[in-house]
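# Results of the structural survey
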Amino acid sequence: MNEILTASGIYKSYKMGQTKIEVLKGLDLTVQKGRFIAIVGASGSGKSTLLHILGALDEPDDGSVQFEGKRLDKFRAKQLNRFRNKMVGFVFQFYHLLDELNVLENVALPAMAQCSSFGWLKRRNQAKKHAKRLLERLGLAERTNHKPYQLSGGERQRVAIARALMNEPKLLLVDEPTGNLDSETGNGILNVLEELNNNGQTIVMVTHDETIAQRAHSVIRLADGKIV
Amino acid sequence: MYKIILPTRYLLKRRVTYLAVAAVALCVFTVVVVMTVMNGLVGEFKGKNHDFVGDCIVGTDSLVGFAYYPDFLSKLREQDFVLAAAPVAKGFGLLTQPGTGQNIGVEIMGIEPASFCRATQFAQTLYYHKDNPGAAFTPTYDPALAGCVVGIDMVAGTRDSLGRYHHDPESPRIELMITCFPLTAKGALAKAGTDLVNTKTFHYSDDSHTGLVKVDSRMIYVPFDSAQKLFGMAGPNPRASAIHVKFAEGVPLKTGVEKIAKMWDSFVATHKNETYAYLLKNATVQTWLDYRRSSIAPMEKEQTMLILLFAMLGIITVFIIFVVFYMIISHKSKDIGILKSVGVSRGAVVQLFLTFAALVGIVGAGIGAAAGCAFLIKINDMEDWLFEHFGWQLWDRTVYAIGDIPNNIEPDVLAIIIASAILAALLGALLPTARAARQQPVEVLQVSQL
């Protein structure tokens, strides 16, 4: 079996006041291992909602998501936390770094989250080494002790990618990774993603930009809550 | 580890947190200072009452007293658990200073100085006879005269504005005439006609400073046998008002009093056919606390009221912390979303914010307790300075029988206050923390939420 992720009949709606907005209307999607998939669609088409559902940050109203053949809706809270921690890595449009932690600590956060304080004392050297390696790979070796507010947008996004890769997840979910960056910086981020994919990382990226989407192996278009 | 790093950074880097720390510190400071002073005052007041009456009192409020006390006194003195027992005759009279034409109503307490000083701390209240309390009624200026000890506040001009008492090196020569209405065992006037009262002249031999305002301002101590004669309690069946008892070292108060109560019941039973047996029924056996309850209870009530007021202050602190935490957690909702997106559990989010609350409580309580202790250590110096420079005093020492402001910090009370403050911080943070833990990551990480 080469499928890492399968979404079947996904429905999702939101309430805005008295109005119910149906965002996803019976969406089906399959992601093969090692692929780099771009999901494109207009603003409000439900791209980010789909990504959140695929990464178990949100639940569908109907339908199911299977990760390596296991249904996420059957996971208990502990399994879901483990899934978010170990199996998927998220890269958000707005980076979402913790202001109180420095770059190295932000990157090491998923490793910290998976062990107790005592467990961390045992693992921390190894984890920090790994975090540093990731930062070096992403060109941030000199920035380990900086705080997020001391970094540029592109640097923050690379820190977010490093954090997402910290626990070597099987799947990387990337939400508008260049949305807040200039074209040159954005291009750098896409190069990083391509390089990761070349090394076998499965990536699902959502974007509204067709040009960016062309960097992926395959492009899925989302319109009216369905793949077209 | 993030459960330690993040709360510590929130504490150090968030200015709004300083508000919560300040609220806890201020509350702890106030409670430590006021509780120490109040506990000190109550403790001191209780101690003075205990010193004044001994451990246990077998006695009656009747002005007639009770008979057969010498027998019971002998029995008491035979007991191993009794260290000392002293008879006391109490009553009221008129005190006149010859030549002045003025008289005042006073309480008269007839005591045997030697036994009374063993049963109570009376010796410590004396000035001229502190080292020789057995001779308390012997005026130093003329040992042949009948002496009396006067409550210190009855001696005019001995106290200054700081509440300090001053004595001349030599005891002053003061003549005091005491007049009483003697009563029979039935409570009737013992005398008739023009010779209705008993009068005896005493000479000031010392003064007594118990620290109890009502006692020091209206009590005259005279020899026991003189008091019996003045009150009509002398005769073939002499009477006393009370027997004050001190227990041997290590005898629990309750146990000692229970034993004496049994002895008294048995004593009353064996004397039930005696002529004055009816007087024995008036007497009760009480602990010093029960005996002085009417004096101590109002102060204890004030203390309880104060604790209630501080409980309300605690509720206000909890509310302030609640508001501060609500603000902090509202601002930190993005962090919660990030943490959950990397697999942090709901319980771990609760732990993180409760650790933060505990840190706020510990730091706030630590600062408050340290400041409170420092303030208490210097409280008397500060009051002296304020009095010297501005004439301001917490208590007017010419009115209140308070020396120094009590500042003895009780470690257990301090520990309870600190623990309560930390608990209050945790309580204040509980609701916003629970709310934070319930948040779904997607609720706070969406663009519209930023």
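Just so we're clear, the structure is a prediction, and the values are computed from it rather than from any experiment. (Residues numbered from 1 in each chain as written. Chains lettered and ligands numbered in written order. Predicted model: local features only at pLDDT ≥ 70, side-chain atom pairs only at ≥ 80, totals over all residues. Heavy atoms only, no water.)

On to the overall build of chain A. Counting its regular elements, chain A contains 7 helices and 10 strands. For 228 residues, the compact-globule formula gives about 17 Å, and the C-alpha radius of gyration of chain A, at 18 Å, lands near that figure. By its C-alpha atoms, chain A is 45 × 40 × 40 Å across when sized along the principal axes. Relative to its full complement of 228 residues, chain A shows a buried share of 54%. By sequence separation, contacts in chain A at least 24 residues apart represent 73% of the contacts at least 6 residues apart. Summing over all exposed atoms, chain A offers an accessible surface of approximately 10,600 Å²; the carbon and sulfur share of this is 44%. Distance between charge centres in chain A, computed from 32 positive and 25 negative side chains, equals 9 Å. (Helix = DSSP H or I, 4+ residues; strand = E, 2+ residues; numbered from the N terminus. Rg over C-alpha atoms; globule rule 2.2 N^0.38 Å. Buried < 20%, exposed > 50% of the residue type's maximum accessible area, 1.4 Å probe, protein only. Contact = heavy atoms within 4.5 Å. Areas by Shrake-Rupley, 256 points an atom, 1.4 Å probe, with all protein chains shown as cover. Lys, Arg positive; Asp, Glu negative; His and termini not counted. Charge placed at Lys NZ, Arg CZ, Asp CG, Glu CD.)

Here we come to the sheet that holds strand 10 (residues 226-227) of chain A. All names here are of chain A. Taken in spatial order, the 6 strands line up as 6-7-8-3-9-10 in an open sheet, and their pairing is mixed. The open sheet terminates on both sides in strands that have one partner only, identified here as strand 6 (88-91) and strand 10. Relative to strand 9 (residues 218-223), strand 3 (residues 36-41) runs parallel, the two being bridged by 5 bridges. Considered in strand 9, the bridge of Val40 is made with Arg221. The strands touched by helix 6 (residues 183-198) within the sheet are strand 3, strand 7 (171-175) and strand 8 (202-207), with strand 8 carrying the most contacts at an inclination of about 150°. (Pairing = 2+ DSSP bridges. Axes fitted to C-alpha atoms, helices over the stretch in contact; angles between N-to-C directions.)

Our next topic: the domain arrangement of chain B. Here chain B is partitioned into domain 1 (2-46 + 296-449) and domain 2 (61-282). Computed over C-alpha atoms only, the centres of domain 1 of chain B and domain 2 of chain B are separated by 51 Å. (Domains from an automatic or database assignment.)

What follows deals with the pairing of strand 2 (residues 19-32) of chain A. Looking down a regular strand, the side chains alternate between one sheet face and the other. All names here are of chain A. As judged from the 11 bridges shared by strand 1 (residues 3-16) and strand 2, these two strands associate in the antiparallel manner. Following the sheet pairing, Ser13 is matched in strand 2 by Glu22. Linking strand 1 back to strand 2 in an antiparallel pair, the connection comprises 2 residues, with Gly17 at a positive phi of about 65°.

Attention shifts here to the packing of helix 2 (residues 15-53) of chain B against helix 11 (residues 293-331) of chain B. Residue and element names in this part refer to chain B. Two numbers describe how helix 2 lies on helix 11: the axes approach to 10 Å, and their chain directions differ by 170°. Between helix 2 and helix 11, the crossing angle belongs to the class labelled roughly antiparallel. Partitioned by chemical class, the residues of the contact of helix 2 with helix 11 number 24 nonpolar, 7 polar and 3 charged. (Parallel < 35°, antiparallel > 145°, perpendicular 65-115°, else oblique. Nonpolar A, V, L, I, M, F, W, Y, C, P; charged D, E, K, R; others polar.)

Residues and elements named next belong to chain B. A full pass over the atoms with the stated rule returns 19 aromatic pairs over all chains. Aromatic side chains Phe122 and Tyr221 sit 4.8 Å apart centroid to centroid with 55° between the ring planes, which places their arrangement in the tilted category. On the criterion of sequence distance, the pair formed by Phe122 in helix 5 (residues 122-125) and Tyr221 in strand 8 (residues 219-223) is long-range, its members being 99 residues apart. Here Phe122 matches Tyr221 in class, with each residue buried. The ring centre of Tyr278 lies 4.6 Å from the NZ or CZ of Lys186, which sits over that ring. The lysine or arginine in question, Lys259, covers the ring of Phe81, its NZ or CZ lying 4.8 Å from the ring centre. (Phe/Tyr/Trp six-rings, centres within 6.5 Å; stacked < 30°, edge-to-face > 60°. Lys NZ or Arg CZ within 6 Å of the ring centre and 35° of its normal.)

All names here are of chain A. Within strand 7, 5 of the 5 residues are buried, leaving the element largely enclosed by the surrounding structure. Judged by which residues are buried, strand 7 turns out to be covered on both faces: Leu171, Leu173 and Asp175 on one side and Leu172 and Val174 on the other are all buried. Taken together, the 4 bridges between strand 6 and strand 7 define a ladder with parallel strand orientation. Bridging across to strand 7, Val88 finds its partner in Leu171.

Turning our attention to the interface of chain B and chain A. Listed per partner, the contact involves 26 residues of chain B and 27 residues of chain A. Interface of chain B and chain A: buried area, both sides summed, is about 2,400 Å²; carbon and sulfur atoms make up 62% of it. At the junction of chain B with chain A, the criterion picks out 2 salt bridges. Between Lys332(B) and Glu100(A) there is a salt bridge, and its shortest N-O distance comes to 3.1 Å. Viewed at the interface, chain A and chain B are joined by 4 residue pairs in polar contact (both at pLDDT 80 or more). Broken down by secondary-structure element, the contributors of at least two residues to the side of chain B that touches chain A are helix 1 (2-13), helix 12 (333-341) and helix 16 (441-445) of chain B. Residue composition of the side of chain B that touches chain A, grouped by class: 15 nonpolar, 4 polar and 7 charged. (Buried area = accessible area lost by both parts, 1.4 Å probe. Salt bridge = Lys/Arg side-chain N within 4 Å of Asp/Glu carboxyl O. Polar contact = N/O pair within 3.5 Å; in protein donor to acceptor, adjacent residues only side chain to side chain.)

Our focus in this paragraph is the environment of Ile321(B). All names here are of chain B. Mapped onto the elements, Ile321 comes out in helix 11. Between the alpha carbons of Ile321 and Ala23 there is a distance of 7.6 Å; along the sequence they are 298 residues apart. Once you skip the residues sitting within four places of it in the chain, Ile321 turns out to touch Val24, Ala424, Ala425, Gly428 and Ala429.

A word on the pattern of salt bridges. Residues and elements named next belong to chain B. What the rule picks out here adds up to 18 salt bridges over all chains. Of the charged contacts in the structure, one is a salt bridge between Arg77 and Glu112, with a shortest N-O distance of 4.0 Å. One end of the pair, Arg77, is in helix 3 (residues 69-78); the other, Glu112, is in the loop between strand 4 (103-111) and helix 4 (113-119), with 35 residues separating them in the sequence. A residue is classified by how much of its surface remains accessible, and Glu112, at 30% relative accessible area, is partly exposed. Sharing partners across several salt bridges, the network here consists of Lys46, Asp290, Arg293 and Glu300.

As a further point, take unusual backbone geometry. All names here are of chain A. Positive phi, normally seen in glycine, also occurs at Glu168, with a value near 50°. Looking at the element boundaries, Glu168 is found in the loop between helix 5 (153-165) and strand 7. The phi torsion at Asp224 lies on the positive side, around 55°, for a residue other than glycine. One can find Asp224 in the loop between strand 9 and strand 10.

The next subject is the environment of Thr287(B). Residues and elements named next belong to chain B. Note on Thr287: relative accessible area 14%, which makes it buried. Spatially, the C-alpha atoms of Thr287 and Val58 are 9.0 Å apart, while their sequence positions differ by 229 residues. Beyond its immediate chain neighbours, meaning those up to four positions away, Thr287 contacts Asp55, Ile57, Leu253 and Val257.

The next point concerns a nonpolar patch on the surface. Residues Trp385(B), Phe390(B), Trp392(B) and Leu394(B) make up a contiguous nonpolar surface patch of about 480 Å² in total accessible area. Position of Phe390(B) relative to the elements: it lies in helix 14 (residues 379-390). (Patch = residues over 30% accessible without salt bridge, like charges linked within 9 Å, V, L, I, M, F, W, Y side chains within 5 Å.)

All names here are of chain A. In this model helix 4 (residues 117-137) runs 28 Å from its N-terminal to its C-terminal C-alpha over 21 residues, within 8% of the 30 Å that 1.5 Å per residue would give. Residue Arg123 marks the point of greatest curvature in helix 4, where the axis turns by about 60°. Within the sequence span of helix 4, burial applies to Gly119, Trp120, Ala127, His130, Ala131, Leu134 and Leu135. Buried residues in helix 4 make contact with helix 3 (103-113) and helix 5. Looking one or two places after helix 4, you find Gly139, whose phi comes out positive at around 75°. (Expected span 1.5 Å × (residues − 1). Bend = angle between axes of the 7 residues up to and from the residue.)

Glancing now at the environment of Trp288(B). All names here are of chain B. Position of Trp288 among the secondary structure elements: in helix 10 (residues 288-291). Owing to a relative accessible area of 9%, Trp288 belongs among the buried residues under this scheme. Separated by 172 residues in sequence, Trp288 and Phe116 place their C-alpha atoms 15 Å apart. With near-sequence residues (within four places) excluded, Trp288 lies in contact with Lys46, Asn49, His50, Val53, Gly54, Asp55, Ile57, Leu253 and Ile296.

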